[in-house]
Each structure stands twice: as C-alpha cells, then as structure tokens.
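If you want the building blocks of each chain, they are given just below.
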Amino acid sequence: MKYEYIKTIAALFVIFFLVQGCNKNEEIVKYVTTEKQGGYITLSETKVEIGQKITAHFINMDSVQVYSVTLNQTLVTFQQLNDSTVTLIAPYTTVGNGAGNFVFYCTIPSTASGDTVLISSQINYKSEEVILNSLVKWNTNEKVSEVDSWKKDFNGENQGWSFQTDQDTIKLIRSYICHDECNKTETIVFLNNGNDSLPAFLFASFDKWELMKSPIHEIITSGSKIMIDEWRDSTNYSGTFTSANYCWIFWAKKNLE
C-alpha cells in the first residue's frame with residue numbers, strides 16, 4: 001500500500017513538471033513570434049483642389065506597376081515616374097462629400113497574387129462649382145513637369161503636346177494611337193494675353209477615330225478649370241485642364257527659331 005502511494009506521488013510530480021514545461025514553451029513561442037512590417041502609401045498633400053497635382057509614394061513595398069487610379073469611382077489622370085512614385089491630378093467629382101481615397105489598381109511583379117488593389121489614406125478636396133463657367137487661374141501648388149504630361153500610346157511610346165500659334169491664339173495638341181485602327185487627339189485653345197499673363201480659355205476638343213465606328217468629336221467650352229503653371233515664350237506653356245469628363249496635363253514649348 002505504501003509502495004502504491006509513493007508511485008502515485010511520483011506520477012503526479014512527473015505530470016506537474018511536464019505541464020510546467022509545456023506552459024513555458026508556449027510562453028516562449030508567443031514572445032518570439034512577430035508580424036512582418038507592411039507597406040503604405042504617402043501623399044504629398046492631404047487637402048487639394050480640382051486640377052491640383054499630388055505625388056504618391058509607395059513605402060516599404062516591392063516594385064509596383066500601376067495601370068489605373070480612381071477617386072470616388074472617378075478615373076484619375078496619373079503618371080508613374082518609377083516603381084514607387086506616381087503623380088496624380090485631382091479630378092472633378094461631385095460624390096464623396098469632399099473626401100475620399102485614391103484607389104490604385106496595380107500589379108506587384110514579385111508576388112504571385114496577380115492584380116492588387118492599394119488604397120491611400122484619406123484626401124480632402126475642395127468642392128468647386130465649375131459647371132457653368134470655365135475658370136482660368138494661376139497654380140500656386142506643386143508644378144507639373146513635361147514627364148507628367150506624356151501619354152503612352154498603343155505601342156508604349158510617350159506622346160507629348162505640340163504647340164501652334166496664329167496671331168494671338170495658342171493651340172496645344174496631343175495625338176496618339178489607341179490601337180492599330182484607332183487615333184485620339186486632345187486640343188486646348190487659348191487667347192494669349194502675353195507673357196506672364198493669364199490667357200483666356202477659348203475651347204477644348206476631344207476627337208477619336210476608330211475603324212468601323214462613328215467618329216467622336218466633342219467640344220468643351222464651359223464647365224472646366226484650367227490651372228496655369230507657366231506661360232512664357234522663353235520657358236514653356238504648362239498646367240492642367242479639368243472638366244467633368246476629361247483631365248489633361250499639358251506642357252509645350254514654343255519653337256523660338
């Protein structure tokens with residue numbers, strides 16, 4: 001009887017030490033497990049107005065290739081400068097109550113997940129009524145560059161703006177192919193009031209010719225906003241054009257020969 005009692009006590013001690021050992025191991029595992037640091041998007045501005053340039057940086061991420069951007073379901077004009085930097089133009093939008101998030105539709109080549117959706121932190125934009133009139137103003141924010149104004153055509157080549165003048169009228173034109181049997185042309189026409197003076201907006205147009213389809217020719221004379229960066233013969237003519245359906249970044253230099 002005494003022998004059985006000793007065996008029972010010994011068995012209880014063994015179980016006790018085993019349980020303590022398991023609990024100790026569980027504590028060790030809990031503390032050594034850490035979560036991987038995730039990436040995020042930073043914006044150069046968090047309060048913007050229609051037509052303003054913003055720069056987005058992808059931080060702590062592998063190479064990102066962006067193919068579309070939206071703000072409150074509105075397509076955003078953008079230019080990818082490198083694998084971690086994208087410039088954006090705040091579009092004209094009437095939804096979202098003055099706030100929203102840029103949504104980036106992209107691919108990350110280093111992953112096997114295919115298409116990826118990345119969302120920026122919230123951005124606030126100034127609600128502006130540009131429906132009845134066209135507003136021309138100086139841009140006091142981040143300036144656009146020639147690279148920002150390029151549009152990739154069907155062949156992947158960058159197409160910029162050409163410059164035409166007729167007395168006091170300045171016409172900026174950008175044409176590019178959209179596929180083998182498709183061509184698009186964007187035009188903005190101003191009345192030139194001289195160097196370093198705001199021009200007067202006359203009209204803009206969008207033309208699309210596509211095989212086996214009716215041509216599209218749209219004229220915009222109102223409901224647009226133009227923010228001018230520079231307006232001088234010796235530098236360039238640059239800025240942004242934004243309307244309900246179109247948002248273009250323009251940059252052209254006059255031939256001074």
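Our subject in this report is the structure included herewith. Only a predicted model underlies this, so the values are computations on that prediction, with no experimental measurement involved.

Comments concerning the pairing of strand S8 (residues 99–107)
Here strand S4 (residues 65–71) pairs with S8 via six bridges, running antiparallel. Following the sheet pairing, Val 66 is matched in S8 by Cys 106. Bridge analysis of S8 against strand S9 (residues 115–125) gives eight bridges, and the strand direction is antiparallel. Bridge pairing in S9 links Ala 99 to Asn 124.

Notes on the sheet that holds strand S13 (residues 162–166)
Strands pair in a sheet through their backbones, by hydrogen bonds, and they do so in one of two ways: parallel or antiparallel. Judged by pairing direction, the sheet is antiparallel, and its five strands sit side by side in the order S13-S14-S15-S16-S17 without closing on themselves. Bordering the open sheet on either side are S13 and strand S17 (216–220), each of which pairs with just one other strand. With direction set aside, neighbouring strand axes in the sheet form an average angle of 15°. Pairing of S13 with strand S14 (residues 169–179) involves five bridges; the strand directions are antiparallel.

Examining the state of the cysteines
Across all of its chains, the model carries one disulfide by this definition. For Cys 178, the disulfide goes to Cys 182, at an S-S distance of 1.7 Å. One quick way to see it: the torsion about the S-S bond of Cys 178 and Cys 182 is about -75°, and its sign makes the bridge left-handed. On the basis of relative accessible area, Cys 182 is assigned to the buried category, the value being 4%.

Comments concerning the pairing of strand S6 (residues 78–82)
Successive side chains on a regular strand alternate, one facing one side of the sheet and the next facing the other. As judged from the four bridges shared by S6 and strand S7 (residues 85–89), these two strands associate in the antiparallel manner. Looking at the pairing, Gln 79 lines up with Thr 87 of S7. Counting the residues between successive antiparallel strands, the hairpin from S6 to S7 contains two residues.

Observations regarding the nonpolar core
Most often, soluble globular proteins keep nonpolar side chains buried together rather than apart. The biggest cluster of nonpolar side chains holds 21 residues, and the ones touching the most others in it are Phe 58, Val 66, Leu 88, Phe 102 and Phe 104. Of all the secondary structure elements, the ones that give two or more residues to this core are strand S1 (40–43), strand S3 (53–59), S4, S7, S8 and S9. Ignoring sequence-local partners within four residues, the contact set of Leu 88 consists of Gln 52, Lys 53, Ile 54, Ala 56, Val 69, Val 76, Thr 77, Phe 78, Phe 102 and Phe 104. Core analysis: the next-biggest nonpolar cluster, separate from the first, contains 20 residues, Trp 161, Ile 170, Ile 228 and Ala 252 among them.

What counts as what
Residues numbered from 1 in each chain as written. Predicted model: local features only at pLDDT ≥ 70, side-chain atom pairs only at ≥ 80, totals over all residues. Heavy atoms only, no water. Pairing = 2+ DSSP bridges. Helix = DSSP H or I, 4+ residues; strand = E, 2+ residues; numbered from the N terminus. Axes fitted to C-alpha atoms, helices over the stretch in contact; angles between N-to-C directions. Disulfide = S-S within 2.5 Å. Buried < 20%, exposed > 50% of the residue type's maximum accessible area, 1.4 Å probe, protein only. Core = buried A, V, L, I, M, F, W, Y, C linked by side-chain atoms within 4.5 Å. Contact = heavy atoms within 4.5 Å.

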